[in-house]
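Each chain, letter by letter, is given below.
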Amino acid sequence: GRSRVSLFSTEEVMWGGHMCRGFSPTAASPGCSFQELDLSKEAFFFNDTPKEEEWFKAVTESLHPGAKYAKVKLVRLVGILLLLYVRTELAMNISEVEAETVGTGIMGRMGNKGGVAIRFQFHNSTVCVVNAHLAAHPEEYERRNQEVRDICARMQFHPLEPGCPLLAIKEHDVVLWLGDLNYRLEEQDMERVKKLIQTQDFQALHQHDQLKIQREAKLVFEGFQEGEISFQPTYKYNPGSDDWDDSAECRVPAWCDRILWSGKTVSLLSYQSHMALKNSDHKPVSAIFDVGVKVVDKKSYCKAFEGIVRSLDKMENASIPSVTLSKREFLFKDVKYLQLQVESFTISNGPVPCQFEFISKPNEDAYCKPWLIAKPSKGFLMPDSEVVIALELCVNKSTATALNSGEEKLEDILVLHLDRGKDYFLSVSGNYLPSCFGCPIQTLCYMKEPIREMLPEAIRELTLMPLLTDDAFWEEKPLDVPKELWMMVDLLCRSACHQEGLFQQPGLRPEFEQIRDWLDTGTLDVLGPVASNHSVAEALLLFLESLPEPVVCYKSYRSSLECANSYEMSSQVISMLPKCHQNVFHYLVAFLRELLKHTGKNHLDVNVLASIFGGLLLRPPPGHTQPGTAEKQKAQQFIQQFLCHEGGTL
């Protein structure tokens with residue numbers, strides 16, 4: 001069978017209901033996406049906005065009156081929203097509806113940038129619709145490529161049927177990807193660009209399009225297609241008009257807003273922009289697709305199924321399943337903090353169909369250590385077929401501390417179990433390079449040398465020593481604050497006080513890896529010319545997040561929230577912290593106050609900084625329920641008091 005899918009994407013939400021009525025009532029599944037539904041601080045930091053319900057109601061009321069529609073699903077991440085409908089008479093054919101979100105903003109999770117997706121099964125075809133808002137600015141095309149890869153890698157859907165492996169975006173029959181992808185033009189000569197637009201030579205202009213260039217180089221959206229662009233760039237306009245941007249930035253026009261697809265049964269019927277909508281600095285785009293879907297003939301299915309079951313029964317009775325593994329020993333060398341390593345092997349099946357699964361060993365809850373994952377971890381193999389298994393190893397904040405101290409090692413045995421067959425044992429080992437990320441504050445204060453230059457026994461002793469209220473434990477006086485923290489803050493003070501978007505725009509992953517290595521080896525003096533301010537800022541946030549005991553200790557979390565409205569009582573809470581934690585708290589507050597002296601240029605305000613650092617300096621203790629909006633706001637208020645109070649210098 002074939003169905004018509006209509007998609008509409010807009011950067012801003014100020015658009016009229018008549019646009020939805022422009023969709024034909026023959027559309028089986030209309031969808032609408034927004035990328036900046038709500039830019040308020042409440043939406044950004046607490047993912048809470050009343051506009052979600054307002055716009056759901058507005059869109060629903062604006063659907064074409066010639067047909068009746070039911071909501072399939074709504075999903076939102078901060079200002080990124082995706083809303084899908086289906087004609088009511090087709091709703092019974094929709095099943096297995098799931099939605100997921102992936103934030104790719106600062107620290108790889110803030111939802112000001114990222115993607116949301118809805119997947120479902122229509123008859124017997126699987127469909128996934130993705131709405132993404134990627135990094136801005138012409139020079140950031142590599143970051144946009146990385147964000148697409150991150151969304152694809154991290155967007156995993158949980159099947160409703162138990163025992164089935166997680167589903168990735170690209171594992172669907174049809175994928176529709178839309179949003180403000182933010183790719184710009186390599187040609188930055190404003191007059192030349194405007195001349196090509198004026199003559200409607202969009203084909204010549206499109207040759208300079210970053211998304212086209214990156215796709216042709218197979219660096220992003222491999223396997224996807226896009227329709228011919230026969231409309232003028234959708235960005236950037238003076239709001240309320242069709243005039244190009246004449247602000248101080250004077251942005252060069254670009255096709256930021258795009259719709260792509262993948263799937264063998266998809267045909268594009270329409271791809272256009274909508275110049276009539278003038279409230280935003282973007283022009284919305286829409287596309288209409290004709291999608292072929294698989295519809296099962298139930299009689300033929302039952303007959304074929306019975307035949308297959310009979311033949312499988314014969315094969316199962318004839319022998320037990322047996323597989324061959326291309327590799328059974330895996331060595332991960334020089335593993336570093338937050339740096340993914342992957343080793344793969346192939347399972348080749350014999351003549352008997354088999355179901356495989358990695359199973360936990362006796363007295364263990366999971367099939368592998370928390371720093372390891374197998375993809376897929378279970379599955380079904382037909383006779384003489386094979387599957388590639390990827391073993392992904394990544395050390396993060398939850399596993400780094402024990403690996404730093406040597407309490408844990410990169411060693412594990414995986415058990416691959418065949419249903420009605422034998423078990424296969426896989427050996428995993430590796431060496432972890434100790435990092436300041438994941439080390440306690442006190443440990444780092446007593447480390448005068450870079451952590452990579454220290455003996456494992458010394459790292460273990462310093463990591464495992466109890467948290468002290470004074471410095472009497474060791475003869476040698478500790479540093480006031482960890483040298484790694486000082487290096488990052490000092491660099492930001494010298495070069496980033498005027499940086500716009502600090503602590504809100506993510507850095508580049510390769511630059512973070514350089515910063516981590518420089519901190520761990522003590523060669524940060526060469527950092528300046530290489531890493532951007534945003535990468536250093538994000539590294540600082542990741543450093544604070546990785547602390548096994550937060551700056552405001554776990555035992556002080558509840559009392560901190562209770563006195564969030566009293567500076568005197570809050571100061572008393574800080575005075576009760578261990579000396580090294582006190583020092584770090586006051587040092588960071590003084591740094592943030594220094595940044596606030598330059599708000600005219602960096603556009604930071606006290607609410608933004610208090611929200612970002614409130615969630616890092618005050619973290620709920622392990623086992624505590626996930627903080628709600630009210631609890632996050634109290635953490636923000638606690639930090640905000642210190643930022644607004646006079647006193648404290650670097």
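Residue numbers here run from 1 along each chain, matching the order of that chain's written sequence. Only residues with pLDDT of at least 70 are given local features in this predicted model, and only at 80 or more are side-chain atom pairs given and counted; all residues enter the totals for whole chains, interfaces and linings. Each side-chain value is derived from all of the structure's non-hydrogen atoms; neither hydrogens nor water enter the calculation.

**Digging into the overall build of the chain**
Helix and strand counts for the chain stand at 20 helices and 23 strands. Exposure classes here rest on a 1.4 Å probe applied to the protein chains alone. A residue is buried below 20% of its type maximum, exposed above 50%, and partly exposed in between. Split into buried and exposed, the 650 residues of the chain put 53% on the buried side. Surface accessibility in these figures is a Shrake-Rupley result with a 1.4 Å probe; residues are shielded only by whichever protein chains are displayed. On the chain, roughly 29,500 Å² of surface is accessible, and the fraction owed to carbon and sulfur atoms is 51%. The helix and strand labels rest on DSSP assignments: H or I over at least four residues marks a helix, E over at least two residues marks a strand, and numbering proceeds from the N terminus.

**Digging into the sheet that holds strand β17 (residues 341–349)**
At least two bridges found by DSSP between two strands is the condition for calling them paired. Strand order in the open sheet formed by 4 strands is β15-β17-β21-β19, and the pairing between neighbours is antiparallel. The open sheet has two free edges, formed respectively by β15 (323–325) and β19 (372–375), since each of these has just one partner strand. Strand after strand, the sheet turns through a mean of 25 degrees between neighbouring axes, direction not considered. Relative to β17, β15 runs antiparallel, the two being bridged by 3 bridges. Paired with V323 across the two strands is N349, which belongs to β17. Note on geometry: axes are lines fitted to C-alpha atoms, helical ones only across the stretch in contact, with angles between N-to-C directions running from 0 to 180 degrees.

**Some words on helix α12 (residues 483–495)**
An expected span of 1.5 Å times one less than the residue number is assigned to each helix. With 13 residues, α12 extends 18 Å from end C-alpha to end C-alpha; this agrees with the ideal 18 Å at 1.5 Å per step. Within the sequence span of α12, burial applies to K483, E484, L485, M487, M488, V489, L491 and L492. Here, two residues are considered to be in contact whenever any of their heavy atoms come within 4.5 Å of each other. Those residues of α12 hidden inside the fold are in contact with α10 (441–446), α13 (509–521), α14 (533–546) and α17 (579–596).

**Considerations on a nonpolar patch on the surface**
Exposure above 30% relative accessible area and the absence of a salt bridge qualify a residue for a patch, where like charges join within 9 Å and nonpolar side chains (Val, Leu, Ile, Met, Phe, Trp, Tyr) within 5 Å. In what follows, salt bridge is the name for a side-chain nitrogen of Lys or Arg lying within 4 Å of a carboxyl oxygen of Asp or Glu. On the surface, V296, Y301, F305 and V309 cluster together into a nonpolar patch covering about 360 Å² of accessible area. Within the element layout of this structure, F305 appears in helix α8 (residues 298–318). For F305, a relative accessible area of 47% gives the class partly exposed.

**Some thoughts on the packing of aromatic side chains**
The criterion for an aromatic pair is that two Phe, Tyr or Trp rings (for Trp, the six-membered ring) have centres within 6.5 Å, with stacked assigned to planes under 30 degrees apart, edge-to-face to planes over 60 apart and tilted to the rest. Within this structure, the stated rule accounts for 19 aromatic pairs. Between Y337 and F437 the ring centres are 5.3 Å apart and the planes differ by 15 degrees, which places this aromatic pair in the stacked class. Taken together, the residues Y337 in the loop between β16 (329–335) and β17 and F437 in the loop between β23 (423–432) and α10 connect sequence positions 100 residues apart. Exposure class is identical for Y337 and F437. Each is buried. With a centroid separation of 5.4 Å and 75 degrees between ring planes, the pair formed by F437 and F512 is classed as edge-to-face. Pair noted here: F437 is in the loop between β23 and α10 and F512 is in helix α13, with a separation of 75 residues, a long-range link. This pair shows no difference in class: F437 is buried, exactly as F512 is. Each member of the aromatic cluster is reached from another via a ring pair, and the members are Y337, F437, F512 and F543. Over the ring of F56 we find K71, and its NZ or CZ is 4.9 Å from the ring centre. Definition used: whenever NZ (Lys) or CZ (Arg) falls within 6 Å of the ring centre and also within 35 degrees of the ring normal, the charge is taken to sit over that ring.

**Some points on the environment of I213**
Along the chain, the position of I213 falls in helix α7 (residues 210–216). Beyond its immediate stretch of four places on either side in the chain, I213 contacts E186, Q207 and H208.

**Some points on the side chain of S262**
Its place among the elements puts S262 in strand β12 (residues 257–262). Those residues within four positions of S262 in sequence are excluded, and the remaining contacts are D173, V174, V175, G223 and F224.

**Observations concerning the sheet that holds strand β18 (residues 354–359)**
Spatial strand order, β16-β23-β22-β18-β20: 5 strands in an open sheet with mixed pairing. Both edges of this open sheet fall to β16 and β20 (378–381), since each of them pairs with a single strand only. Between one strand axis and the next, the sheet turns through 20 degrees on average, direction left out of account. Pairing geometry for strand β22 (residues 411–418) and β23, over 7 bridges, is antiparallel. Counterpart to E411 in the pairing with β23 is S429.

**Observations concerning the pairing of strand β14 (residues 285–292)**
Counting buried positions along β14 yields 8 of 8 residues, so the element is predominantly enclosed. Of the two faces of β14, the one lined by V285, A287, F289 and V291 and the one lined by S286, I288, D290 and G292 are each fully buried. In terms of strand pairing, strand β13 (residues 266–273) meets β14 through 7 bridges, oriented antiparallel. Within the sheet, the bridge partner assigned to S273 lies in β14 and is V285.

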